[in-house]
Amino acid sequence: RLLLGAEQVGSVQPTEDELDRFVEAFGTEAAVYLGGPAQQRAPALFVHGDADLPGARELSPGTSIFVGGVHAAIDKVRAGDSNALDYRFFD
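A. Up close: the packing of aromatic side chains. Applying the stated criterion across every chain, the model contains seven aromatic pairs. With centroids separated by 5.7 Å and ring planes inclined at 70°, the aromatic side chains of Phe22 and Phe89 adopt a geometry described as edge-to-face. Here the residue Phe22 occupies a position in helix 1 (residues 16–26), and Phe89 occupies one in strand 5 (residues 87–90), the gap between them amounting to 67 residues. Between Phe46 and Phe89, the ring centres sit 5.2 Å apart and the planes meet at 35°, which makes this aromatic pair tilted. Taken together, the positions of Phe46 in strand 2 (residues 45–48) and Phe89 in strand 5 put the pair 43 residues apart, joining distant regions of the chain. Here the aromatic cluster, defined as three or more aromatic residues joined through ring pairs, consists of Phe22, Phe26, Phe46, Tyr87 and Phe89.

B. Spatial organisation of the nonpolar core. Membership of the largest hydrophobic core comes to 13 residues, with the highest contact counts inside it found for Phe26, Phe46, Leu53, Ile74, Val77, Tyr87 and Phe89. Residue assignment for this core shows that the elements contributing at least two residues are helix 1, helix 2 (70–79) and strand 5. In terms of residues, this core owes the most to one element, helix 2, which gives five residues.

C. Main features of the packing of helix 1 against helix 2. Taken N-terminus to C-terminus, the directions of helix 1 and helix 2 make an angle of 50°; their axes are 8 Å apart at the nearest point. Classed by the angle they form, the pair helix 1 and helix 2 counts as oblique. As helix 1 packs across helix 2, the resulting crossing turns out to be left-handed. Residues Glu18, Arg21, Phe22, Glu24, Ala25 and Phe26 of helix 1 pack against His71, Ile74, Asp75, Val77 and Arg78 of helix 2. For the contact of helix 1 with helix 2, the per-class residue count stands at five nonpolar, one polar and five charged.

D. Inspection of the sheet that holds strand 1 (residues 31–33) at higher detail. Ordered by their spatial adjacency, five strands build an open sheet running 1-5-2-4-3, and the pairing between neighbours is mixed. Each edge of the sheet is formed by a strand with only one pairing partner; in this case those strands are strand 1 and strand 3 (57–58).

What counts and what doesn't
- Residues numbered from 1 in each chain as written.
- Predicted model: local features only at pLDDT ≥ 70, side-chain atom pairs only at ≥ 80, totals over all residues.
- Heavy atoms only, no water.
- Phe/Tyr/Trp six-rings, centres within 6.5 Å; stacked < 30°, edge-to-face > 60°.
- Helix = DSSP H or I, 4+ residues; strand = E, 2+ residues; numbered from the N terminus.
- Core = buried A, V, L, I, M, F, W, Y, C linked by side-chain atoms within 4.5 Å.
- Buried < 20%, exposed > 50% of the residue type's maximum accessible area, 1.4 Å probe, protein only.
- Axes fitted to C-alpha atoms, helices over the stretch in contact; angles between N-to-C directions.
- Parallel < 35°, antiparallel > 145°, perpendicular 65-115°, else oblique.
- Left-handed = near helix turned anticlockwise from the far one by under 90°.
- Contact = heavy atoms within 4.5 Å.
- Nonpolar A, V, L, I, M, F, W, Y, C, P; charged D, E, K, R; others polar.
- Pairing = 2+ DSSP bridges.

Scope: geometric values only; no functional claims are made or implied.
The following block contains the structure:
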């Protein structure tokens, strides 16, 4: 629920493999920020500064703040091309 279905309309339940890959990539180093009581059932927002991340889009033009691309980020972190703390999750 945290994130893996957030980029799809009508969020779907992540597979066990997707969850395993997420945990392997982010494990105990994930930067997760928890908000207030509103919309706690909604998927988290995935925020980063990686302009070249496949699936990412700039939040607002010229900000260099990007959202999306979580599956590509998982692959980059697992490959050692990015650090888990390069990405933030806001729930």
